[in-house]
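Geometric and topological summary
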Amino acid sequence: MEDGTSLKTGYLLRYEPNKRWKLRWFVLLEEQLVCTHKMHHSMVVDIIPLQGASVVCPISDPQLNSPGTFKISTPGGDELFYQAAGKQDRDGWAHAVGAVIRSLSGSKQDSEQPIPFTAFRATANVSEILGAMQDPDAGVNLGSHVRNGAVHKNCFTGSAVVDWLIRWSIIRKREDGAAMIQTLLKLGHVQEVDINDGALGASKKFSDGDKLYRFSSLNLGTKRNSYDDSTDSDTSSSEDEEDETQENKLRKGKVLRASFLSKKKSIRKDWRIVRVTLRENPSSLEYSRVLNDHTKKGKIIDVEVVNTEEAKNDCLACGQDAAETARLKKRIVLKDRKGKCYIFKTKDEQEKLEWLPLLQSLGRKATVNSQ
């Protein structure tokens, strides 16, 4: 499954048919998203083909709009919900999935004749146009459309998007607008919604009419709140409880990084997946059980009292066997001033390299402040 062809891997929460979240391991390939039970597990839970799909984040459903949630809409109108550990991780997944969808969509839009783009090519910026089109307040009006008994959400008609381009003076003539959207189709940013009406599928040519279209990757988070004050809780009674006022203060810090990591249990030697959130101003590290209510507090480690200089490839001080040295490349070891060790494991060495500088930087700031 992970033979070098994977584009992105990691843990995500998957919204199951029984309306409950379940932690799964995901592998993004060039044409599909594969879901398995666990990391390095051969049992496949689901395979999501990405040809003709679209990705939306964040979502607006109040029942599902937990921090880090995004969705993938299938060509048939089904909606699949996933939850990352935090906003940064969510955006990373949405961007990667969107890139695959655009690649697949663009590869299907090859045409025999060059697509005209001369009327505005010199001044058009694709990123700026897409950003304006997706603006939550002033962008193209997105709606739900019923075709052949299936509901397709976040769609727009061909005539509606051309009307929008004219209204905002981006183009002057309808044929110029059609050429612009045709180019976005070719690039894979916009796709025709295949309504499975018995036709040969999505056409290569844009239609300034009632045909449905949607964005391959829709970003609705331009004016949304950031991923602050949003982690799961850990109700383990074996951990010392922090003062509630201090916890509330720490959870207001700016989120630097949030991920699903493995944490070594204090008593037994096995691991469990936890949600880990690193903040600054004030600095804190919070970990919590994955499936608990994200509004509740987790276990908070004040980074200012953690000796991050010991967060190196050496677990021997924490009572680990020397035979495990070869497996330490993915581990992060934190030791507080009371001598207690916290051992976390990343999915790979690259993720560890992304975490360690942040921890060490906060540790140096704490050392300077204490002097």
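Below: a short report on this structure.

Parameters and conventions
- Counting restarts for each chain, with residues numbered from 1 along the sequence as it is written.
- Residues qualify for local features only when their pLDDT is at least 70, as the model is predicted, and side-chain atom pairs are given and counted only at 80 or more; totals for whole chains, interfaces and linings, by contrast, use all residues.
- By convention in this description, side-chain values take in all heavy atoms of the structure and omit both hydrogens and water.
- Numbered from the N terminus, helices here are DSSP runs of H or I no shorter than four residues, and strands are runs of E no shorter than two.
- The buried label applies to any residue whose accessible area, calculated with a 1.4 Å probe on protein chains only, is under 20% of its type's maximum; exposed applies above 50%, and partly exposed to all values in between.
- Two residues qualify as a contact provided that any one of their heavy atoms is within 4.5 Å of a heavy atom in the partner residue.
- Using a 1.4 Å probe, the Shrake-Rupley method yields the accessible areas, and only the shown protein chains count as cover for residues.
- Strands are labelled as partners when DSSP assigns at least two bridges between them.
- Where helices are involved, their axes are fitted lines through C-alpha atoms of the stretch in contact, as for all axes, and angles between N-to-C directions lie from 0 to 180°.
- Directions from the helix axis toward the C-beta atoms define the arc.
- What counts as a ring pair is set by centres within 6.5 Å for rings of Phe, Tyr and Trp (its six-membered ring), and what kind of pair is set by the plane angle: stacked under 30 degrees, edge-to-face over 60, tilted for all other angles.
- Any Lys NZ or Arg CZ found within 6 Å of a ring centre and within 35 degrees of that ring's normal is scored as a charge over the ring.

The next thing to look at is the overall build of the protein chain. Counting its secondary structure elements, the protein chain contains six helices and 18 strands. Within the protein chain, the proportion of its 371 residues that are buried is 46%. In the protein chain, the proportion of contacts linking residues at least 24 apart, taken out of those at least 6 apart, comes to 57%. Carbon and sulfur atoms form 47% of the exposed surface of the protein chain, whose accessible area is close to 19,300 Å².

So, on to the sheet that holds strand β5 (residues 54–57). Spatial ordering of the open sheet is given by β4-β3-β2-β1-β7-β6-β5-β12, a layout of eight strands whose pairing is mixed. Among the strands making up the open sheet, the edge pair consists of β4 (44–49) and β12 (217–219). For this sheet, the mean angle separating the axes of adjacent strands, direction not counted, is 30 degrees. Pairing of strand β1 (residues 8–15) with strand β2 (residues 21–28), which is carried by eight bridges, proceeds in the antiparallel orientation. In the strand pairing of β2, Tyr11 is matched with Trp25.

On to helix α2 (residues 126–133). Three or more residues of α2 are buried, namely Ile129, Leu130 and Met133. Seen end-on, α2 carries its buried residues on one side only, within an arc spanning 95 degrees. Relative to its buried face, α2 has exposed residues pointing more than 90 degrees away, namely Ser127 and Glu128. Lining the buried residues of α2 we find α3 (158–167), α4 (174–187) and β11 (212–215).

Our next topic: the packing of aromatic side chains. The geometry of an aromatic ring pair comes down to the distance between the two centres and the angle between the two planes. What the rule picks out here adds up to ten aromatic pairs. With 4.9 Å between their ring centres and 75 degrees between their planes, Tyr11 and Trp25 make a pair best called edge-to-face. Highlighted residues: Tyr11 in strand β1 and Trp25 in strand β2, separated in sequence by 14 residues. Looking at Tyr11, the relative accessible area reads 15%, which means it is buried. When the centroid spacing of 5.0 Å and the interplanar angle of 40 degrees are considered together, the rings of Phe206 and Tyr213 count as tilted. The residues Phe206 and Tyr213 share a single accessibility class, namely buried. Here the aromatic cluster, defined as three or more aromatic residues joined through ring pairs, consists of Tyr15, Trp21 and Phe81. Between Lys8 and the ring centre of Trp93, over which it is positioned, the NZ or CZ distance is 5.3 Å. One residue, Lys345, lies across the ring of Trp271, its end atom 4.4 Å from the ring centre.

Right, let's talk about unusual backbone geometry for a bit. The linkage connecting Cys57 with the following residue, Pro58, adopts the cis geometry, with an omega of -15 degrees. Relative to the helices and strands, Pro58 is located in the loop between β5 and β6 (69–73). Unusually for a residue other than glycine, Ser169 sits at a positive phi of about 60 degrees. Checked against the element boundaries, Ser169 lands in the loop between α3 and α4.

In short, geometric facts, not functional conclusions.
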